[in-house]
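Structure at a glance
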Amino acid sequence: MANAVKGVIAGAKGAPVSVETILVPDPGPGEALVRIQACGVCHTDLHYREGAITNDFPFLLGHEASGIVEKVGPTVTNVAPGDFVILAWRAPCGTCRSCLRGRPWYCFASRNAQQKMTRQDGTPLSAALGIGAFAELALVAAGQAVKVNAAARPEAAGLVGCGIMAGLGAAINTGGVSRGDSVAVIGCGGVGNAAIAGAKLAGAYTIIGVDVDDRKLEWAKQFGATHTINSRHTDPVQAIRDLTGGNGVNVAIEAVGRPETYTQAFYARDHAGTVVLVGVPSPEMKIELPLLEVFGRGGVLKSSWYGDCLPSRDFPMFIDLYLQGRLDLERFVSETITLDKVEEAFHKMERGEVLRSVVVF
Ligand SMILES: [Zn+2]
Ligand SMILES: [Zn+2]
């Protein structure tokens, strides 16, 4: 049986999104049907709408979500009806060459629901990041539903499903930030500020937030930046060196996804330091660096895709840290909105007015 609910659809490249009635099938084998309680508005949703990811319109948007499991299909054992879950867009298969090498966060065959959600006329919808949670119900692979402590506020918890996890993981999993490290984060939006929060959680000593927007730098301080630099007025590479005894930072995290800011991160780190790219570049971007500098500076250049997270391991832990008062997830929720305000939220996001607008149901 299919369930008719409201969902946010991107019907054509660049066109405003609309709220439509969609059909969500009951779960089949290995699937779970989740009643969505909250879903954050992420840049990736906007990228889908702009046709910057694939051309498989129409898209059902939304992917930073939490909710309650409504029904599960046959063979599902990891969740049961009534569980409070965060949806993940990585659900490792367990059998690909990466999973078999013990690196499930690089899984090549991450699982999604087999059945499609559709328009009322039967047109299949492409679910954003295999989720599609700007809707009252979402059908996902059961492995995408990660059970966490139900005491968490749904608006805050859902954000761990994408952007906040990407930032926390960029610092902790990919960057390996540890006690006493110096860290710079370039770009202090949702992901960058989550990287700052992650660096603080991991025990970093100096945490430098860099942005061109003073409002975002103010947020960075609230999440744990010990210093901030407005790179519109100041050369961030020199300023970061000045703050670290002339040396640069141990870990430089680029959370913008642009060649100029990547170059800043490259030169702002200490010898043998680590650069982490978590900002998402667009296809035409290129970078040119003197190869001798790449060689001579040593260290590590890494990219962080979804914070190299393992959702089943990391989501419950970060939710518990939040419930213990050690990770301020609430601060990422700039506002709560209704389903019909997603288009407006995209514009607020583009203007840098919010860390996250979160749809509540
Ligand atoms: Zn796999
Ligand atoms: Zn996202």
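Just above, that's the structure.
Everything quoted here is computed from the prediction, not taken from an experiment. (Residues numbered from 1 in each chain as written. Chains lettered and ligands numbered in written order. Predicted model: local features only at pLDDT ≥ 70, side-chain atom pairs only at ≥ 80, totals over all residues. Heavy atoms only, no water.)

For the rest of this paragraph, the subject is the pairing of strand β5 (residues 64–72). Looking along a regular strand, one sees the side chains alternate between the two faces of the sheet. Where strand β3 (residues 31–40) lies against β5, 8 bridges are found, and the strand directions are antiparallel. Its bridge partner lying in β5, Gly 40 is registered against Glu 64. Pairing geometry for β5 and strand β6 (residues 84–87), over 3 bridges, is antiparallel. Its bridge partner being in β6, Ile 68 is matched across the sheet by Phe 84. (Pairing = 2+ DSSP bridges. Helix = DSSP H or I, 4+ residues; strand = E, 2+ residues; numbered from the N terminus.)

The subject of this paragraph is the coordination of the zinc ion (ligand 2). Cys 42 (SG), His 63 (NE2) and Cys 162 (SG) make up the full set of protein donors to the zinc ion (ligand 2), lying at 2.1 to 2.2 Å. Here the donor residues of the zinc ion (ligand 2) share one chain and are spaced in sequence as C-x20-H-x98-C. Linking Cys 42 in the loop between β3 and α1 (43–49) with Cys 162 in the loop between α3 (154–158) and α4 (163–174), this pair joins segments that are 120 residues apart in sequence. No difference in accessibility class separates Cys 42 from Cys 162, as the two residues are buried. (Donors = N, O, S within 2.8 Å, 3.2 Å for Na, K, Ca; no water. Buried < 20%, exposed > 50% of the residue type's maximum accessible area, 1.4 Å probe, protein only.)

In this section: the coordination of the zinc ion (ligand 1). Protein coordination at the zinc ion (ligand 1) comes from Cys 93 (SG), Cys 96 (SG), Cys 99 (SG) and Cys 107 (SG), with a distance range of 2.3 to 2.4 Å. Metal-centred angles of 105 to 117° between the 4 donor atoms at the zinc ion (ligand 1) mark the site as tetrahedral. Sequence spacing of the donors to the zinc ion (ligand 1): C-x2-C-x2-C-x7-C. A residue is classified by how much of its surface remains accessible, and Cys 99, at 13% relative accessible area, is buried. (Tetrahedral: all angles 85-135°; square planar, octahedral: opposite > 155°, others 65-115°.)

The biggest cluster of nonpolar side chains holds 87 residues, and the ones touching the most others in it are Leu 61, Leu 87, Phe 134, Ile 253, Phe 315 and Ile 319. Take this core: its biggest share by element is 6 residues, from α4. Once residues lying within four places of it in the same chain are set aside, the contact partners of Ile 253 are Ala 170, Ala 171, Val 183, Ala 184, Val 185, Ile 186, Ala 195, Val 276 and Val 278. Counting residues in each nonpolar core, the second largest holds 13 residues, with Ile 208, Val 210, Ala 252 and Ala 265 among its members. (Core = buried A, V, L, I, M, F, W, Y, C linked by side-chain atoms within 4.5 Å. Contact = heavy atoms within 4.5 Å.)

Across the junction of Phe 57 and Pro 58, the peptide omega takes the value -5°, indicating a cis bond. Tracing the sequence through the fold places Pro 58 in the loop between α1 and β4 (59–60). We note that Leu 129 has phi near 50°; this positive angle belongs to a residue other than glycine. Here Leu 129 lies in the loop between β8 (126–127) and β9 (137–141). One non-glycine residue, Asp 308, lies in the positive phi region at around 45°. Note on placement: Asp 308 falls in the loop between β16 (300–303) and α10 (311–323).

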